[in-house]
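Breakdown of the fold
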Amino acid sequence: MSKAYWIAHVDVNDPERYKDYVATAKPAFEKHGARFLARGGACRALEGQGRARNVVIEFPSMQAALDCYHSPDYQAAKAIRVTVADAEMVVVEGFED
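Looking only at helices and strands, one finds three helices and four strands in the protein chain. Along the protein chain, helices and strands appear, N-terminal first, in the series β-α-β-β-α-α-β. Radius of gyration (C-alpha) of the protein chain: 13 Å, near the 13 Å computed for a compact globule of 97 residues. Taking the principal axes of its C-alpha atoms as reference, the protein chain extends roughly 35 × 35 × 15 Å. Among the 97 residues that make up the protein chain, the fraction classed as buried is 27%. Put simply, 79% of the contacts in the protein chain that link residues at least 6 apart link residues at least 24 apart. Carbon and sulfur atoms form 53% of the exposed surface of the protein chain, whose accessible area is close to 6,200 Å². Computed over 12 positive and 14 negative side-chain charges, the separation of the two mean positions in the protein chain equals 5 Å.

What follows is the structure, given as structure tokens:
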């Protein structure tokens with residue numbers, strides 16, 4: 001089974017309230033086997049418009065990644081995120097192990 005990855009590019013407009021998003025999203029990530037590979041470290045845009053915060057999250061499968069996103073826990077977190085940050089997010093299937 002192939003792993004899957006959330007890739008998010010984010011500009012945080014309210015850093016204090018963004019902490020609420022992170023705390024609210026945590027149970028969804030734990031429940032669906034998420035593993036953070038990159039989260040907000042130094043970055044440089046090489047092509048196109050970059051964002052200040054970039055996140056890569058590994059999931060055990062595409063289904064787990066989608067289930068996490070659509071879960072009530074994550075949707076509660078998303079409701080916070082959309083009010084305090086601008087973002088693009090995709091889910092990408094990885095190579096089969």
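Moving on, we come to the sheet that holds strand β1 (residues 2-12). Spatially, β2-β3-β1-β4 is the arrangement adopted by the four strands of the open sheet, whose pairing is antiparallel. The sheet is open, and its two borders are formed by β2 (35-39) and β4 (85-96), each paired with just one other strand. Neighbour-to-neighbour, the strand axes of this sheet turn through a mean angle of 20°, independent of strand direction. Where β1 lies against β4, 10 bridges are found, and the strand directions are antiparallel. By the bridge assignment for β4, A4 is matched with E93. Packing against the sheet, helix α1 (residues 15-31) makes contact with β1, β2, β3 (53-59) and β4, and its axis sits at approximately 165° to β1. Contacting β1 and β4, helix α3 (residues 72-84) runs over the sheet at an angle of about 135° to β4.

How each quantity is defined
- Residues numbered from 1 in each chain as written.
- Predicted model: local features only at pLDDT ≥ 70, side-chain atom pairs only at ≥ 80, totals over all residues.
- Heavy atoms only, no water.
- Helix = DSSP H or I, 4+ residues; strand = E, 2+ residues; numbered from the N terminus.
- Rg over C-alpha atoms; globule rule 2.2 N^0.38 Å.
- Buried < 20%, exposed > 50% of the residue type's maximum accessible area, 1.4 Å probe, protein only.
- Contact = heavy atoms within 4.5 Å.
- Areas by Shrake-Rupley, 256 points an atom, 1.4 Å probe, with all protein chains shown as cover.
- Lys, Arg positive; Asp, Glu negative; His and termini not counted.
- Charge placed at Lys NZ, Arg CZ, Asp CG, Glu CD.
- Pairing = 2+ DSSP bridges.
- Axes fitted to C-alpha atoms, helices over the stretch in contact; angles between N-to-C directions.

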